[in-house]
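Next come the chains, spelled out residue by residue.
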Amino acid sequence: MLSVLESIETKYKGEEQKLCYKAYDFAKKAHANQKRASGEEYFSHPCSVAQILVDLGLDAATISAAFLHDVLEDTPVSEGDIKKEFGEEILELVKGVTKLERIEFTSKEEEQAENFRKIFVAMAKDIRVIIIKLADRLHNMRSLNFLSKERQQRMARETLDVYAPLANRLGISQVKCELEDLCLKYLDPIFYEELSYKISERLLETDEPVNKVVREIKQLLEESKIKGEVFGRKKHLYSIYKKMKQQNKQLDQIYDVVAVRIIVKTVEECYEIFGKIHNIWKPIPGRIKDYIATPKPNMYKSLHTTVVTNFGKIFEIQIRTYEMNHAAEYGIAAHWKYKENKKEEDDFDQRLAWIREVMEWQGGLKDSKEFLNSLKGDVYSSEVLVFTPKGDVKRLPNGATPIDFAYYVHSQIGNSCVGAKVNSKVVPLNTTLQSGDVVEIITSKTSKGPSWDWLRVVKSSSARVKIKQFIKREIEDEHLEKGKQLFTEEANRRGYNVEDILTDEYFYRLASKMCFSSEEEMFSTIGYGAVSVNQVLVKLIDFYKKDQAIENNALNKPTATGRVVVQGMGEILVRFAGCCNPVPGDNIVAFISHGHGVTVHRADCSNVHSGDQKVLSASWPEKINNNFNACIRVIATDQTEILCEISSFALKEGLQILNTNGRIDLKTNQTIIDFVIKLKSKKALDALIEKIKSINKVIDVYRMAN
């Protein structure tokens, strides 16, 4: 804790230093006698967060807010106390970082999404909020080993999904890389340890080749009379892990575990040394990237090339100026200018432009979960670079269409779009744009506006929201009632009950195909005419028919054959009913029906007393060699963890999972997973059910009767 005071003393002077010291003393007193899960004094946490921000070069107000960031949530300190002692600016920073008060949410996911939306709104007002939050999350990840395994995994997954991509989007690579590596450590600990060990061995092998490349480049700089630095830098673990997974490669197939970095004074020197390196070593086609001419979305700038050296080794080489290198490490924190009055737009303004754009479209989303999912899509997506006819570069998500381009230029251009030209040729509006395309949008003053079908082809969140906003303005309550009436009348005309075909499950499937966010939105768009009632009904009826066919097949078709002892017949070969899937240990009966022979059901099967089949008592023989199928339904709060746990147990016990079907109940927000499992006895089935019941996130588990 004293080290952060020493850092403050070194980097801040006068009133700024006094402000930081005051916040330190205030927070220390507020958190007195509080402990962390590790047993340390709680105050060590805000001190560590402040230290991270001091190292990033943030201003004194941000450092002070870092010391105070937990006092509103975890101590009796009020907003009025902070405002009185530190002023409005620091109070707003602390409020921006503070989590929501403990109100009732329908799920943990909703709480996380709403917390994040609040942080994002605050960050649009003052970017320092998210930088404090990133530092807070980084220190929590560093001390994650003191929490339970479940909390470790949940926090690591949230960090990898949200915070690491945000750090990347803001260009703070120091924080982003450490967050990703820490997430990997807890999400895949075995792979993490193996990869760490193998990379350590690999670095020993590459030590001399790297030194050789560094020596040759230094000589090249000297001959060119260019002053600069050259050094080898290993890639962080998660970037290697991701490349291995995405490209399905082993570590020995990844050749850029170490990159050689060259730092010079000017952009001209970057390009000069870039060309001279290609004169002595052969570049690999497709591996040359000019991020100086076209920076990444986070404003990262550098020249990248991968070359084959004259001694047969492959290396990635990065070339940048000192200013670019500093910006690459510290991102938005390297462009601090709150006290400055610059009129021209610089990299800092361009970084903030992305945040402002998000805040423009976020108001059109129905809830926080939709906001978070949309934001993830924008943060994660790779890009295509396309051009306007005047030569301006526009960055769009990978897979973007001319519709995305139109809305990126301006909402009105998108709303009045009737066609597009790509590279001077008229193309369909669902055409996938490629980097380098020149795009021209054809508009019409008589256009009726966007089509609902556009939602299925656009890739950017902003375009999707703007399309929905336009249509929503045209939709009134009368369209909602009209849509319901049209839907009900047409369903009845076709011979279907609305209750049968418009279940939560069927609507969930429909929504994923037609981009509806609620049943009300679906009815309104039908009433307005944005989609036809037949477009909707055909899909819902198709879902219903397929499920009915599956149920009928299950009722009418036995799943397997085997031997049981049947009253008056002894041990005979029978067929087992697919509606109840009896397994050894179940109480069973035998059906004898004309043309179908003997079929065995569970005694409690709902089909036992239906029809005119003759029912006989039956029992299992002493020796059974057959495998049997059983269906289990699990209701839980998390699908991924349940699937992993059950798969692991089934593998250990020698059980075979034949089929899984997972979905979300939209009313309860619970996950429902059905498993069909091959096993030999009810004992094995009971053991599996007990194992599933012991999983924390399981709400209920039971065997399905039919």
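Small disclaimer: the values here were computed from a predicted structure and weren't measured.

Caption draft 1: Region of interest: the overall build of the protein chain. Each helix and strand in the protein chain was counted, giving 27 helices and 20 strands. Put simply, the protein chain has 706 residues, and 49% of those count as buried. Counting only carbon and sulfur atoms, one obtains 48% of the accessible surface of the protein chain, whose full area is about 35900 Å².

Caption draft 2: Layout of the packing of helix H2 (residues 14-30) against helix H4 (residues 60-68). Put simply, H2 and H4 touch, their axes get as near as 8 Å, and they point 5 degrees apart. Judged by the angle between their axes, H2 and H4 are roughly parallel. Side by side, H2 and H4 meet where Glu-16, Leu-19, Cys-20, Ala-23, Tyr-24, Phe-26 and Ala-27 of the first sit next to Ala-60, Ala-61, Ile-63, Ser-64, Phe-67 and Leu-68 of the second.

Caption draft 3: Representation of the pattern of salt bridges within the structure. A full pass over the atoms with the stated rule returns 23 salt bridges. Note that Arg-128 is salt-bridged to Asp-59, the shortest N-O span being 2.7 Å. You can see Arg-128 sitting in helix H9 (residues 128-142) and its partner Asp-59 sitting in the loop between helix H3 (44-56) and H4, a full 69 residues away along the chain. For the pair formed by Arg-128 and Asp-59, the shared burial category is buried. Where Lys-176 meets Glu-180, a salt bridge forms, and the shortest distance between an N and an O atom there is 3.7 Å. Taken together, the residues Lys-176 and Glu-180, both in helix H11 (residues 173-187) and four residues apart, mark about one turn of the helix.

Caption draft 4: Up close: the sheet that holds strand E10 (residues 425-427). The three strands are arranged E10-E9-E11 in an open sheet whose pairing can be described as antiparallel. Among the strands making up the open sheet, the edge pair consists of E10 and strand E11 (439-443). Strand after strand, the sheet turns through a mean of 35 degrees between neighbouring axes, direction not considered. Bridge count between strand E9 (residues 417-422) and E11: five bridges; the pairing is antiparallel. Residue Lys-421 lies in a different strand from E11, and its bridge partner there is Glu-440. Across the sheet, helix H18 (residues 402-409) touches E9, E10 and E11, and the angle it forms with E11 is around 80 degrees.

Caption draft 5: View of the confidence of the model for the protein chain. In the predicted model, the protein chain carries a mean pLDDT of 80, and 82% of its residues have values of at least 70. In the model of the protein chain, helix H17 (residues 368-380) stands out as the element of lowest mean pLDDT, 54, in contrast to H4, which has the highest, 94. Confidence drops under pLDDT 50 across residues 100-106; counting only partners more than four residues distant or on other chains, this segment forms nine contacts. A low-confidence stretch, residues 361-366 (pLDDT under 50), is modelled with 19 contacts involving residues beyond four sequence positions or located in other chains.

Caption draft 6: Quick look at the packing of aromatic side chains. Summed over all chains, the structure comprises 10 aromatic pairs. A ring pair is formed by Tyr-291 and Tyr-300, whose centres lie 5.9 Å apart and whose planes are at 70 degrees; its orientation type is edge-to-face. The exposure class of Tyr-300 is buried, given its relative accessible area of 15%. Feature note: the residues Tyr-24, Phe-43 and Phe-67 constitute an aromatic cluster, connected by ring pairs. Lying across the ring of Phe-86, Lys-22 places its NZ or CZ 5.2 Å from the centre.

Caption draft 7: Up close: the packing of helix H12 (residues 189-223) against helix H14 (residues 267-280). Running from amino to carboxyl end, H12 crosses H14 at an angle of 125 degrees, the nearest separation of the two axes being 11 Å. On the basis of the axis angle, H12 is oblique to H14. Considering the relative orientation of H12 and H14, their crossing is right-handed. Contacts between H12 and H14 involve Ile-217, Leu-220 and Leu-221 from the former and Ile-273, Lys-276, Ile-277 and Ile-280 from the latter.

Caption draft 8: Quick look at H11. Here H11 is 15 residues long and its end C-alpha atoms lie 21 Å apart, about the 21 Å a rise of 1.5 Å per residue gives. The inward-facing, buried residues of H11 abut H3, H9, helix H10 (149-169), H12 and helix H13 (237-247).

Caption draft 9: Region of interest: the nonpolar core. Of all hydrophobic cores here, the largest spans 100 residues; its most connected members are Leu-53, Leu-56, Ile-63, Phe-67 and Ile-277. With 10 residues, the single largest contributor to this core is H12. What Leu-53 contacts, discounting residues up to four positions off in sequence, is Leu-58, Thr-62, Ile-63, Ala-66, Ile-131, Ile-132 and Ala-135. In terms of nonpolar packing, the next biggest core, distinct from the first, is built from 49 residues, Trp-454, Leu-455, Leu-480 and Tyr-544 among them.

Caption draft 10: Region of interest: the environment of Ile-131. Along the chain, Ile-131 falls in helix H9. Judged by its relative accessible area of 1%, Ile-131 is buried.

Caption draft 11: Examining unusual backbone geometry more closely. The residue Asn-33 is not glycine, and still its phi comes out positive at about 70 degrees. Turning to its location among the elements, Asn-33 is positioned in the loop between H2 and H3. Unusually for a residue other than glycine, Asn-423 sits at a positive phi of about 55 degrees. Topologically, Asn-423 is positioned in the loop between E9 and E10. Judged by its relative accessible area of 40%, Asn-423 falls in the partly exposed class.

Caption draft 12: Local environment of the pairing of strand E6 (residues 314-321). Of all eight residues that make up E6, seven are buried, and the element is covered over most of its length. The pairing of strand E2 (residues 258-264) with E6 spans six bridges and is classified as parallel. The residue bridging Val-260 from the neighbouring strand is Ile-317, located in E6. Both strand E5 (residues 303-308) and E6 contribute to a ladder of six bridges, which runs antiparallel. Looking across to E6, one finds that Thr-306 is bridged to Glu-316. Taken together, E5 and the strand that follows it, E6, pair antiparallel across an intervening segment of five residues, in which Gly-312 is found at a positive phi of about 90 degrees.

Caption draft 13: Region of the structure containing the environment of Tyr-322. Inspection of the secondary structure puts Tyr-322 in helix H15 (residues 322-330). Given a relative accessible area of 35%, Tyr-322 falls into the partly exposed group. The contact partners of Tyr-322, leaving out residues within four places of it in the chain, are Gly-228, Glu-229, Ile-263, Val-264 and Lys-265.

Caption draft 14: How the structure looks around the environment of Lys-276. Tracing the sequence through the fold places Lys-276 in helix H14. Take Lys-276: its relative accessible area is 27%, and that puts it in the partly exposed class. In this structure, the C-alpha to C-alpha distance between Lys-276 and Leu-220, residues 56 residues apart in sequence, is 8.0 Å. For Lys-276, the residues in contact, after removing those within four places along its chain, are Leu-220 and Ser-224.

Reading guide: rules and limits
Residues numbered from 1 in each chain as written. Predicted model: local features only at pLDDT ≥ 70, side-chain atom pairs only at ≥ 80, totals over all residues. Heavy atoms only, no water. Helix = DSSP H or I, 4+ residues; strand = E, 2+ residues; numbered from the N terminus. Buried < 20%, exposed > 50% of the residue type's maximum accessible area, 1.4 Å probe, protein only. Areas by Shrake-Rupley, 256 points an atom, 1.4 Å probe, with all protein chains shown as cover. Axes fitted to C-alpha atoms, helices over the stretch in contact; angles between N-to-C directions. Parallel < 35°, antiparallel > 145°, perpendicular 65-115°, else oblique. Contact = heavy atoms within 4.5 Å. Salt bridge = Lys/Arg side-chain N within 4 Å of Asp/Glu carboxyl O. Pairing = 2+ DSSP bridges. pLDDT = per-residue confidence, 0-100. Phe/Tyr/Trp six-rings, centres within 6.5 Å; stacked < 30°, edge-to-face > 60°. Lys NZ or Arg CZ within 6 Å of the ring centre and 35° of its normal. Left-handed = near helix turned anticlockwise from the far one by under 90°. Expected span 1.5 Å × (residues − 1). Core = buried A, V, L, I, M, F, W, Y, C linked by side-chain atoms within 4.5 Å.

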